[in-house]
Amino acid sequence: MRALNTRLVLIDVHNLSTFTNKESSNYVSTFSASFRRTMSPRHRLASSRSSSPMIRSPEMRKPRDRMFSGNGVSIIPSNSPSTSSSGSTEALSELEMFLELLPLRMRTELMKHKEIGELVEVVMDLGRKPLARFPSGDWVISEQPVKFDDLRLAVSKVGEFSDDNRSGINNSLHRISAIRNRKLQIIGLTCRVGRAISGSAEMLRDLIEGGGSILVIGPPGVGKTTLIREIARMLADDHKKRVIIVDTSNEIGGDGDVPHSGIGRARRMQVPNVNMQHNVMIEAVENHMPETIIIDEIGTELEALAASTIAQRGVQLVGTAHGMTIDNIIKNPSLQILVGGIESVTLGDEEAKKRKVQKTILERKGPPTFTCAVEMISRTECRVHHRLDATVDAILAGKPPPFELRHMDIETNNSQSSTVVPEKTYAEEHKIHNAEVVTAKEDVDNPLKHFKQYTFTRSLGKRSSPVSVYAYKILEADLLQVAMVMGLEDEIEVTDDIGAADVILASSSEMKQNPWIRGVAKFQQLPIFVIKSNTMAQMVKAIRMILGMESFGSLSKQQLNRSADIKIEDDAPKRKPSLEEIDALEEARLAIEYIVIPGGEPVELLPRCSDIVARQLELVESYQLDVENSGTEHNPRLQILPRRSNKKTSVKYSKSSSPQPTSKSLTGSNGGTSFARLPLLPE
Ligand SMILES: Nc1ncnc2c1ncn2[C@@H]1O[C@H](COP(=O)(O)OP(=O)(O)OP(=O)(O)O)[C@@H](O)[C@H]1O
């Protein structure tokens, strides 16, 4: 890496008189040295790329030109910048433009910070100490609280604030956001340093080149805007695509009418006010023939709808949304459409049994707007969901979705793709477990008492009012959202008053940490429904149980007799099936679906041990087909017959016993050889 070799000169137009030469030179050397020291490898990389448009673009010189006439402290290169240092000089001058917002006393202190080149934000709240945010944490810039004058100075140096209370600095990527009082005066500022980071999208190169639409999600400040800015540049410059950025807060292309060179040849459409973002998105497609549309912060239903319309028109879409995981997007009613929308479906008994799921399940309504999704964990780490549809389906079924963990080595700029589908990790991370229901633990004498009382008098009986749920450490919005999707929003309400509640819904981790809740539940005579995770599948189940739509049946009674905790059996088999079992079931399924039903032919399966034959039998019964045992007592094997089973169970196998003949078919009146062809289909 080449070192920054630009000599710096300090000009302070306003404070020239109070700033001595000695101070000035210290100031300059401190800044340039600390900037060099802390400039990340990414910055260095960006600056050393001779082909980078950041280095060659004439627009990039503008901030530097401006510096000579600018107000406040300016740090400028005294000589013509050489190509080798121009990238870092650009970064330097842009950071310098940012620092101009701050009063001198703050600027001086901030410059001394060893990570100044990594500065993320400066927070100035009236009457409080100013804070600087670095990747390593927050740092108090000065003990002196922020004054009105400090805010005024900063505001005077930025453009007009738009209706989203954001503004910027001309020709830079910085974002200045205001907090106002009730009289609409600005009393706080969050000033974010914006940067064009060449190479920051390397991790996703294959997805970008693949041409699919990419949804980027992640918490605030993780680097989503920086990433999609670089994606826009890559697509426009390296892949020669027609890229249009719909730049709602001028954050991707920077403030001013000439976009920042960090977006390369991508075009940028500004948005007059935030409420018009969706209109501009559609306008972009209709008027400017884009191949790719880049959009930051899809946040409203209208924007999500516009995104979906764009995707339907065959335009590649790269967009960001706030949220940590895809799960958050699914649970957000405004953004749900991005993942295809969800609906609740009630299955028939047979179908539920066949799928081994509960009767009411959540399903995706249609294809997602985006092909794939990227969950940003940090600037250098992300989870890639190659097929967003599969991810959403898995999440809705309460299963761990497949994903790929990617990591970028910032020193070499190499992207490493690590373990694909670390199911356990994801499941652990998202806490995908079974649901369980408990009553107040101490009430072991008659644990069903509360439950019965609740179930039959409040829930199963005709309710004139909705069931009041006290949700303990479970997001009310999530719960109501699930209820809404199930069409049960009128049946359930969430209350903050435990005394007015009919039931308590809590997460098991919280129950462990706060056992007092059991005491309160006992006192109030309330049942506690405990879910071990906040997945939607579990909430569906909890809501059904709360409303008495799902019986606790023998399960709860048995379990209640043993202890106060009722653990609901998982919908999926708990025990991991053996390979032989999977093989045997697959053998039966293929025989049924490819031969017995379409061809009307009987099929004899391989001999298996009785436990496995019992599982095969369950599967055959779910198709309502008849079977015979064509093996021996010690070597059972099933023959699947192409005729509808009249009896519920024609052959009984217990887990540890040999097959017992129970029907005529087993005695072999038909000999298992000739049957009329029946067009049987599973119901
Ligand atoms: N790869 C990177 N290398 C160095 N700095 C980065 C990188 N990515 C982002 N940053 C810096 O991190 C800060 C936050 O980045 P950015 O604005 O892109 O985040 P964001 O996720 O879009 O935030 P928000 O959701 O609040 O808009 C900025 O100061 C930006 O310059």
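Reference entry: report on the structure contained in this document. Computed from a predicted structure; not experimentally measured.

**Re the overall build of the chain**
Now for step 1: Across its full length, the chain holds 24 helices and 30 strands.
Now for step 2: The buried share among the 683 residues of the chain stands at 53%.
Now for step 3: A total accessible area of about 30,900 Å² is found for the chain, and carbon and sulfur atoms account for 51% of it.

**Regarding the pairing of strand β9 (residues 214-218)**
Remember that side chains alternate between the two faces of the sheet whenever the strand is regular.
Now for step 1: The buried fraction of β9 amounts to 5 of the 5 residues, a majority that puts the element mostly inside the structure.
Now for step 2: Bridge count between β9 and strand β13 (residues 316-322): 5 bridges; the pairing is parallel. Paired with Val216 across the two strands is Thr320, which belongs to β13.
Now for step 3: Pairing geometry for β9 and strand β16 (residues 372-378), over 4 bridges, is parallel.

**Describing the pattern of salt bridges**
Now for step 1: Scanning the model with the defined rule gives 32 salt bridges in all.
Now for step 2: Note that Arg175 and Glu251 form a salt bridge whose closest N and O atoms lie 3.0 Å from each other. A residue pair is termed long-range when its members are at least 10 positions apart, and Arg175 in strand β7 (residues 175-180) and Glu251 in the loop between β10 (243-247) and β11 (267-270) qualify at 76 residues. The exposure classification of Arg175 matches that of Glu251, with both residues buried.
Now for step 3: Note that Arg615 is salt-bridged to Glu618, the shortest N-O span being 3.5 Å. Residue Arg615 and its partner Glu618 are both found in helix α23 (residues 610-622); the two are separated by 3 residues, about one turn of the helix.
Now for step 4: Assessed through its relative accessible area of 12%, Arg615 is described here as buried.

**A few points about the sheet that holds strand β8 (residues 186-192)**
Now for step 1: In spatial order, the strands read β5-β4-β3-β8-β7-β6; together these 6 strands make up an open sheet with antiparallel pairing. In this open sheet, the two strands that pair with only one neighbour each are β5 (137-140) and β6 (166-168). Direction aside, neighbouring strands of the sheet carry axes that sit 25° apart on average.
Now for step 2: Docked against the sheet, helix α7 (residues 148-156) engages β3 (121-125) and β8, running at close to 50° with respect to β8.

What counts, and where the lines are drawn
Residues numbered from 1 in each chain as written. Predicted model: local features only at pLDDT ≥ 70, side-chain atom pairs only at ≥ 80, totals over all residues. Heavy atoms only, no water. Helix = DSSP H or I, 4+ residues; strand = E, 2+ residues; numbered from the N terminus. Buried < 20%, exposed > 50% of the residue type's maximum accessible area, 1.4 Å probe, protein only. Areas by Shrake-Rupley, 256 points an atom, 1.4 Å probe, with all protein chains shown as cover. Pairing = 2+ DSSP bridges. Salt bridge = Lys/Arg side-chain N within 4 Å of Asp/Glu carboxyl O. Axes fitted to C-alpha atoms, helices over the stretch in contact; angles between N-to-C directions. Contact = heavy atoms within 4.5 Å.

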